[in-house]
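Structural characterization, general
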Amino acid sequence: MSSFKPLVFSGVQPTGNLHLGNYLGAIRKFVALQNEHDCIYCVVDMHSITAQLVHEDLASQTRSITAAYLAAGIDPTKHIVFNQSRVMQHAELAWIFNCVARIGWMNRMTQFKDKAGKDRENASLGLLAYPSLMAADILLYRATHVPVGDDQKQHIELTRDIAMKFNNDFSHRIADLGIGVELMMGEEKVNGFFPLTEPMIEGPATRVMSLRDGSKKMSKSDPSDLSRINLTDDADTISKKIRKARTDPEALPSELAGLKDRPEADNLIGIYAALSDQTREAVIAEYGGQQFSVFKPALADLAVEKLAPIASEMRRIQADTAYVDAVLKDGGERARTIAEGTMKQVRQIIGFLQD
């Protein structure tokens, strides 16, 4: 093989309601990418138990994420949509990567520090090893690109580190088996089995912030429902939340530089730009100098126009449990075929005996 086949992989955790940040930062990109790339989109249910083991209804949440994928426009016949736990090879490769990754690498992960908080000794081992499982999710399919928000960039860097160490450690064996791609790592040429995955971070709203506090990321876990727009919100609720969004008393600036130190204004401009497929500069050019009393109604109308149809379709699909389950079953079978092909070669590289 002279090069890695381009492939996009990404996933969303089934924990709580999906919100506008998930849509703009992930799902909307998933839909656009499927027109130009082969794509695998996963509901990462194994990740959902790293911070919270017991969920009221994980199966229902998994179906909800799947319904959101489909309602947004992902085609499960042309691409693969499945839930992670259906493919056992994710866990198998994650264990191998636990042995590749270094403890120091994991301790540097900012998301672990944020989620574990002050009581790090009481955090699950799964939470610490979360990035290793994420690397396995991606590299199990030898994915070359991953659409992510900027808060996940560190995890993609770790995925690359794991791939580089594996490739370096097993370079000669990969070459002997004839299953690698020649890669330059610094000034050294190695035989790589795994690609060095590239993050795809783009767009005017790569990090959507809370509607109640522009310094905090929009989150499913925020106790205030007014802090986020859920993908299941109806038109009236979407409009109300935007009208109530926190702002400052100043008019919108006429230049982007004027948004500095105005996080709430910056967030709303970014949301408008993303939903309207414009640059932030174009939005400022249109609304600069105007009050939020003018801008908020325009943003509310735009959000309702873009999101309400998705919410309606999501509720319709979610009600058809048999259809959602059939999509996941079919996707799981197709994903498992690819995954087992990868793992057979990984086992050969490492030296595990197999049938």
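My aim in this report is to walk through the structure given alongside it, one point at a time. In this text the structure is predicted, and so the values were computed from the model without any measurement. (Residues numbered from 1 in each chain as written. Predicted model: local features only at pLDDT ≥ 70, side-chain atom pairs only at ≥ 80, totals over all residues. Heavy atoms only, no water.)

1. Concerning the overall build of the protein
Scanning the protein from terminus to terminus reveals 13 helices and seven strands. A compact globule built from 355 residues would reach a C-alpha radius of gyration of about 20 Å, and the protein, at 22 Å, matches this within 12%. Seen through its principal axes, the protein has C-alpha atoms that stretch 65 × 50 × 45 Å. For the protein, the proportion of its 355 residues judged to be buried stands at 50%. Of all intrachain contacts in the protein linking residues separated by at least 6 positions in sequence, the fraction that spans at least 24 positions is 75%. Surface summary for the protein: the accessible area is close to 16700 Å², and the carbon and sulfur share equals 50%. (Helix = DSSP H or I, 4+ residues; strand = E, 2+ residues; numbered from the N terminus. Rg over C-alpha atoms; globule rule 2.2 N^0.38 Å. Buried < 20%, exposed > 50% of the residue type's maximum accessible area, 1.4 Å probe, protein only. Contact = heavy atoms within 4.5 Å. Areas by Shrake-Rupley, 256 points an atom, 1.4 Å probe, with all protein chains shown as cover.)

2. Quick notes on the nonpolar core
The tendency in soluble globular proteins is for nonpolar side chains to be buried side by side. The biggest cluster of nonpolar side chains holds 58 residues, and the ones touching the most others in it are Tyr 69, Ile 271, Phe 295 and Leu 307. Of all the elements, helix α12 (residues 292-319) adds the most residues to this core, at ten residues. Here Leu 307 is in contact with Leu 20, Tyr 23, Ile 229, Leu 231, Ile 238 and Leu 275, once residues within four sequence places are set aside. Formed by 46 residues, the second largest nonpolar core is a distinct cluster that contains Ile 80, Ala 94, Leu 127 and Ala 339. (Core = buried A, V, L, I, M, F, W, Y, C linked by side-chain atoms within 4.5 Å.)

3. As for the pairing of strand β3 (residues 80-83)
Residues of β3 alternate between two faces, with Ile 80 and Phe 82 on one and Val 81 and Asn 83 on the opposite face, all of them buried. Bridging between strand β2 (residues 39-43) and β3 involves four bridges; their strand directions are parallel. Paired with Cys 42 across the bridge in β3 is Phe 82. Between the parallel pair β2 and β3, the chain is carried across by helix α2 (residues 58-72), and the sense of this crossover is right-handed. (Pairing = 2+ DSSP bridges. Right-handed = clockwise from strand over helix to strand, strands pointing away.)

4. A short note on a nonpolar patch on the surface
On the surface, Ile 49, Leu 53 and Val 54 cluster together into a nonpolar patch covering about 310 Å² of accessible area. The class of Ile 49 is partly exposed, set by a relative accessible area of 37%. (Patch = residues over 30% accessible without salt bridge, like charges linked within 9 Å, V, L, I, M, F, W, Y side chains within 5 Å. Salt bridge = Lys/Arg side-chain N within 4 Å of Asp/Glu carboxyl O.)

5. Focus on the pattern of salt bridges
A side chain of one charge can pair with a side chain of the opposite charge when the charged atoms of the two come close. Counted by the stated rule, this structure contains 16 salt bridges. In this structure, Arg 63 engages Asp 325 in a salt bridge whose closest nitrogen and oxygen atoms are separated by 2.7 Å. Residue Arg 63 is found in helix α2, and its partner Asp 325 is found in helix α13 (residues 321-350); the two are separated by 262 residues along the sequence. Residue Arg 63 is classed as partly exposed on the basis of its relative accessible area, which comes to 26%. Salt-bridge contacts for Glu 340 lead to Arg 347; the nearest nitrogen and oxygen are separated by 2.9 Å. For Arg 347, a relative accessible area of 12% puts it in the buried group. Salt bridges linked by common partners bring Asp 225, Arg 228, Asp 233 and Lys 241 together as one network.

6. Considerations on a positive patch on the surface
A surface patch of like charges, here positive, comprises Arg 212, Lys 240, Arg 243, Lys 244 and Arg 246. Mapped onto the secondary structure, Arg 212 falls in the loop between β7 (198-200) and α9 (235-243). Classification of Arg 212 by relative accessible area gives partly exposed; the value is 36%. (Lys, Arg positive; Asp, Glu negative; His and termini not counted. Charge placed at Lys NZ, Arg CZ, Asp CG, Glu CD.)

7. Quick notes on the environment of Arg 28
Within the secondary structure, Arg 28 sits in helix α1 (residues 20-33). Sequence separation between Arg 28 and Arg 86 is 58 residues; the distance between their C-alpha atoms is 24 Å. Each residue touching Arg 28, except ones within four places of it in the same chain, is listed here: Tyr 23, Ala 274, Leu 275 and Asp 277. Side-chain polar atoms of Arg 28 contact the side chain of Asp 277, separated by 2.6 Å. (Polar contact = N/O pair within 3.5 Å; in protein donor to acceptor, adjacent residues only side chain to side chain.)

8. Structural notes on the environment of Leu 70
Within the fold, Leu 70 resides in helix α2. We classify Leu 70 as buried; its relative accessible area is 11%. Placed 186 residues apart in sequence, Leu 70 and Leu 256 show a C-alpha to C-alpha distance of 35 Å.

9. Focus on the packing of α2 against α13
α13 packs onto α2 with a crossing angle of 85° between their chain directions and a minimal axis gap of 10 Å. Put simply, α2 runs roughly perpendicular to α13. Across from Thr 62, Arg 63, Thr 66 and Leu 70 in α2, the residues of α13 making contact are Thr 321, Tyr 323, Val 324, Asp 325, Val 327 and Leu 328. Within the contact of α2 with α13, the residues separate by chemical class into five nonpolar, three polar and two charged. (Axes fitted to C-alpha atoms, helices over the stretch in contact; angles between N-to-C directions. Parallel < 35°, antiparallel > 145°, perpendicular 65-115°, else oblique. Nonpolar A, V, L, I, M, F, W, Y, C, P; charged D, E, K, R; others polar.)

10. Concerning the environment of Leu 18
Summarising the element assignment, Leu 18 is placed in the loop between β1 (8-12) and α1. Residues Leu 18 and Gln 152 lie 134 residues apart in sequence; the distance between their C-alpha atoms is 17 Å. Filtering out sequence-adjacent residues up to four positions away, Leu 18 remains in contact with Val 12, Ile 27, Ile 65, Ala 68, Lys 220, Ile 229, Asn 230 and Leu 231.

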